[in-house]
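Chain and residue survey
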Amino acid sequence: MTTDPQAVTYFSRLDADECWALVSDAVVGRVAWSSPEGISVVPVNFRVVEGVIVFHTTQESFLAGLAAPTEVAFQVDEIDQETATGGSCLLYTSPSPRD
């Protein structure tokens with residue numbers, strides 16, 4: 001966190017290629033969806049394989065509910081605290097179970 005009151009920060013929109021580059025380099029992201037318990041946000045380790053975000057879970061896990069058709073959001077951040085620069089990508093999709 002910066003304590004400089006004169007620090008200038010701003011946001012700009014990343015294009016699709018910049019967003020996928022950020023997502024592809026990240027290791028941890030967040031999956032968010034509306035569950036019976038309310039809105040859920042869970043961090044996951046993931047990889048991008050042929051343009052698809054992939055993470056593993058078990059049938060007993062909290063994330064197993066995503067096997068049913070539902071809309072989800074997936075977010076990845078990369079923030080440099082020293083320079084107050086970075087990026088954040090928020091993607092919307094419907095998950096599909098894979099083997």
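As shown above, the structure is provided for reference.
Quick summary incoming for the structure in this document. Nothing here was measured: the structure is a model prediction, and the numbers come from that model.

**Regarding the overall build of the chain**
Each helix and strand counted, the chain has 1 helix and 6 strands in total. Scanning the chain from its N terminus toward the C terminus, one meets helices and strands in the order α-β-β-β-β-β-β. Among the 99 residues that make up the chain, the fraction classed as buried is 21%. Expressed as a percentage of contacts within the chain between residues at least 6 apart in sequence, the contacts between residues at least 24 apart total 44%.

**Topic: the side chain of Ser40**
Relative to the helices and strands, Ser40 resides in strand 2 (residues 38-45). The residues contacting Ser40, other than those within four sequence positions of it, are Val31, Ala32, Trp33, Ser35 and Phe62.

**Focus: unusual backbone geometry**
Positive phi, normally seen in glycine, also occurs at Glu50, with a value near 50°. Looking at where Glu50 falls in the secondary structure, it is placed in the loop between strand 3 (47-49) and strand 4 (52-54). For Glu50, a relative accessible area of 80% corresponds to the exposed category.

**Concerning the state of the cysteines**
Under the defined criterion, the tally for this structure stands at 1 disulfide. Covalent S-S linkage joins Cys19 and Cys89, the inter-sulfur distance amounting to 2.3 Å. Pair noted here: Cys19 is in helix 1 (residues 16-25) and Cys89 is in strand 6 (residues 85-93), with a separation of 70 residues, a long-range link. The same class applies to Cys19 as to Cys89, namely buried.

Thresholds applied
- Residues numbered from 1 in each chain as written.
- Predicted model: local features only at pLDDT ≥ 70, side-chain atom pairs only at ≥ 80, totals over all residues.
- Heavy atoms only, no water.
- Helix = DSSP H or I, 4+ residues; strand = E, 2+ residues; numbered from the N terminus.
- Buried < 20%, exposed > 50% of the residue type's maximum accessible area, 1.4 Å probe, protein only.
- Contact = heavy atoms within 4.5 Å.
- Disulfide = S-S within 2.5 Å.

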